[in-house]
Amino acid sequence: MTSPLRRPLIAGNWKMNLTLAQSVELAKAVKEGAASASGETAVAVAFTAIPVVAEVLRGSSVRLSGQDCHWEAQGAYTGEVSAEMLKDAGCQMVILGHSERRKLFGESDEQVNRKLGAALKAGLTPIVCVGETLDERETQKTWRVLETQIAGGLKGFAPADLSKIVIAYEPVWAIGTGKTATPAQAQEAHLFLRGQLKKLHGDAFAQGTRILYGGSVTAENVDSLMAQSDVDGALVGGASLKADAFKRIMAFKAP
Ligand code: PGA
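Model, not experiment: these values are computed from the prediction.

What about the side chain of Asn221?
Alright, step 1. With respect to the helices and strands, Asn221 occurs in the loop between β7 (210-214) and α10 (222-226).
Alright, step 2. A polar contact of 3.0 Å, which involves the side chain of Asn221, links it to the backbone oxygen of Ser216.

Here you go:
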């Protein structure tokens, strides 16, 4: 179980799924599930669904997140959405550097770093994703990759700027594959990441920063992952689209 310094967070990432009607329906179920949640809950919805989901979640403890943002506040960036716009539409959080953005849209650590600055400036809680590919794990590059992504993504900020930041460890080989990291693998990587946070900004910062696990989290495996001392929550893709599964994940049981 996570340290009392860190409130567990279960965040659903709906990705590019659901119509407005489906988004409203699922948001209602998540809101209902919040009563029996074991920690904090958030949902990261498609840009178009943000206003309607914000309306459903009004007055509830469930937090609303974007799935990405641009690094500028406004301007001639066709197709982009800024952190300020997410905030204005009702978001409190934003996912940054998800592996799908890195892999499919060529997002670099430098871009994640700029987006982080924009999110913090807009007052959003950033969830910065890191994680190694299967090839990197098999060739013993996991630690180097995580070190580079953390150092590059968080570069140039003081610990006070980053007081709200959330890190998500998402091994790319576990995302959407049904192949979850074992609780021991997750704990090992989370401990390593906490060590990197300590190296950057000291022990108090490292101990106070939440690190979520993501990659094929289900209602069946959430409890064993959350039982690990450095796993402070989960970033959930596929299973967050099913109301019953996600409600069970929100109500995880950890010793
Ligand atoms: P998954 O996705 O739970 O479907 O593996 C996790 C994520 O991409 O955040």
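Some points on the nonpolar core
Alright, step 1. Ranked by internal contacts, the top residues of the largest apolar core, which has 65 residues, are Val43, Val53, Leu64, Leu116, Leu154, Ile167 and Tyr213.
Alright, step 2. Apart from residues lying up to four places away in sequence, Leu64 is in contact with Val43, Val45, Ile50, Val53, Ala54, Leu57, Gly90, Cys91, Gln92 and Met93.
Alright, step 3. Core analysis: the second largest hydrophobic core is formed by 12 residues, Ala42, Met93, Ile95 and Ala168 among them.

Concerning the sheet that holds strand β5 (residues 125-130)
Strands in a sheet are paired, the pairing made by backbone hydrogen bonds, and the direction either parallel or antiparallel.
Alright, step 1. An order of β1-β2-β3-β4-β5-β6-β7-β8 is seen for the eight strands of this closed barrel, with the pairing classed as parallel. Each adjacent strand pair in this sheet contributes to an overall mean axis angle of 25°, direction not counted.
Alright, step 2. Where strand β3 (residues 63-66) and strand β4 (residues 93-96) come together, two bridges link them in parallel fashion. Opposite Gly66, over in β4, you have Val94 as the bridge partner.

Concerning the pattern of salt bridges
Alright, step 1. Applying the stated criterion across every chain yields a total of 18 salt bridges.
Alright, step 2. Across the pair Lys115 and Glu107 runs a salt bridge, and its minimum N-O distance is 2.8 Å. Glu107 carries the same exposure label as Lys115, and that label is buried.
Alright, step 3. Note that Arg248 and Asp223 form a salt bridge whose closest N and O atoms lie 2.5 Å from each other. Within this pair, whereas Arg248 is found in helix α11 (residues 243-250), its partner Asp223 is found in helix α10, the two being separated by 25 residues in sequence.
Alright, step 4. When salt bridges that share partners are traced, they join Arg6, Arg194, Asp230 and Asp232 into one network.

Some remarks on the packing of helix α5 (residues 109-121) against helix α7 (residues 142-153)
Alright, step 1. Viewed as axis vectors pointing N to C, α5 and α7 meet at an angle of 40°, and their least axial separation amounts to 8 Å. One element, α5, and the other, α7, form an angle in the oblique class. For the element pair α5 and α7, the recorded crossing hand is right-handed. Residue-level inspection shows Asp109, Val112, Asn113 and Leu116 of α5 in contact with α7, the latter providing Thr148, Gln149, Gly152 and Gly153.

Re the packing of helix α1 (residues 20-33) against helix α2 (residues 50-57)
Alright, step 1. Put simply, α1 and α2 touch, their axes get as near as 9 Å, and they point 30° apart. By the angle class used here, α1 and α2 are roughly parallel. For the crossing formed where α1 meets α2, the hand is right-handed. Contacts between α1 and α2 involve Leu20, Ser23, Val24, Ala27, Lys28 and Lys31 on the former and, on the latter, Val52, Val53, Val56 and Leu57.
Alright, step 2. Looking at the contact of α1 with α2 residue by residue, the class counts come to seven nonpolar, one polar and two charged.

As for the site of the ligand
Alright, step 1. Around the ligand there are 13 residues in total, and Lys15, His98, Glu170, Gly176 and Ser216 lie nearest to it.
Alright, step 2. Within the side chain of Glu170, a nitrogen or oxygen atom sits 2.7 Å from an oxygen atom of the ligand.
Alright, step 3. Between Gly238 and the ligand, the recorded distance is 2.8 Å, taken from a backbone N or O atom to an oxygen atom.
Alright, step 4. Across the complex, the protein chains shield 95% of the 280 Å² of accessible surface that the ligand would expose by itself.

Some remarks on the packing of aromatic side chains
Alright, step 1. Applying the stated criterion to the full structure yields two aromatic pairs.
Alright, step 2. Between Tyr169 and Tyr213 the ring centres are 6.3 Å apart and the planes differ by 55°, which places this aromatic pair in the tilted class. Highlighted residues: Tyr169 in strand β6 (residues 166-169) and Tyr213 in strand β7, separated in sequence by 44 residues.
Alright, step 3. A relative accessible area of 0% means that Tyr169 is categorised as buried.
Alright, step 4. Under the relative-accessibility criterion, Tyr213 is labelled buried at 1%.

Side note on α2
Side chains three or four residues apart in an α-helix point the same way, a direct result of the helix having 3.6 residues per turn.
Alright, step 1. Of the positions making up α2, those classed as buried are Ile50, Val53, Ala54, Val56 and Leu57. All buried residues of α2 project into a common sector of 160° when viewed along the axis, lining one side.
Alright, step 2. As for α2, its buried residues are in contact with α1, β2 (40-44), β3 and α3 (83-89).

Some remarks on the pairing of β6
Alright, step 1. The alternating pattern of β6 places Val166 and Ala168 and Ile167 and Tyr169 on opposite faces, both of which are buried.
Alright, step 2. As judged from the four bridges shared by β5 and β6, these two strands associate in the parallel manner. Paired with Ile127 across the strands is Val166, a residue of β6.
Alright, step 3. Sheet topology note: the β6/β7 ladder contains four bridges and is parallel. In the sheet register, Val166 faces β7, and the bridge partner there is Arg210.

Quick notes on the rules
Residues numbered from 1 in each chain as written. Predicted model: local features only at pLDDT ≥ 70, side-chain atom pairs only at ≥ 80, totals over all residues. Heavy atoms only, no water. Helix = DSSP H or I, 4+ residues; strand = E, 2+ residues; numbered from the N terminus. Polar contact = N/O pair within 3.5 Å; in protein donor to acceptor, adjacent residues only side chain to side chain. Core = buried A, V, L, I, M, F, W, Y, C linked by side-chain atoms within 4.5 Å. Buried < 20%, exposed > 50% of the residue type's maximum accessible area, 1.4 Å probe, protein only. Contact = heavy atoms within 4.5 Å. Pairing = 2+ DSSP bridges. Axes fitted to C-alpha atoms, helices over the stretch in contact; angles between N-to-C directions. Salt bridge = Lys/Arg side-chain N within 4 Å of Asp/Glu carboxyl O. Parallel < 35°, antiparallel > 145°, perpendicular 65-115°, else oblique. Left-handed = near helix turned anticlockwise from the far one by under 90°. Nonpolar A, V, L, I, M, F, W, Y, C, P; charged D, E, K, R; others polar. Near = heavy atom within 4 Å. Areas by Shrake-Rupley, 256 points an atom, 1.4 Å probe, with all protein chains shown as cover. Phe/Tyr/Trp six-rings, centres within 6.5 Å; stacked < 30°, edge-to-face > 60°. Arc of directions from axis to C-beta.

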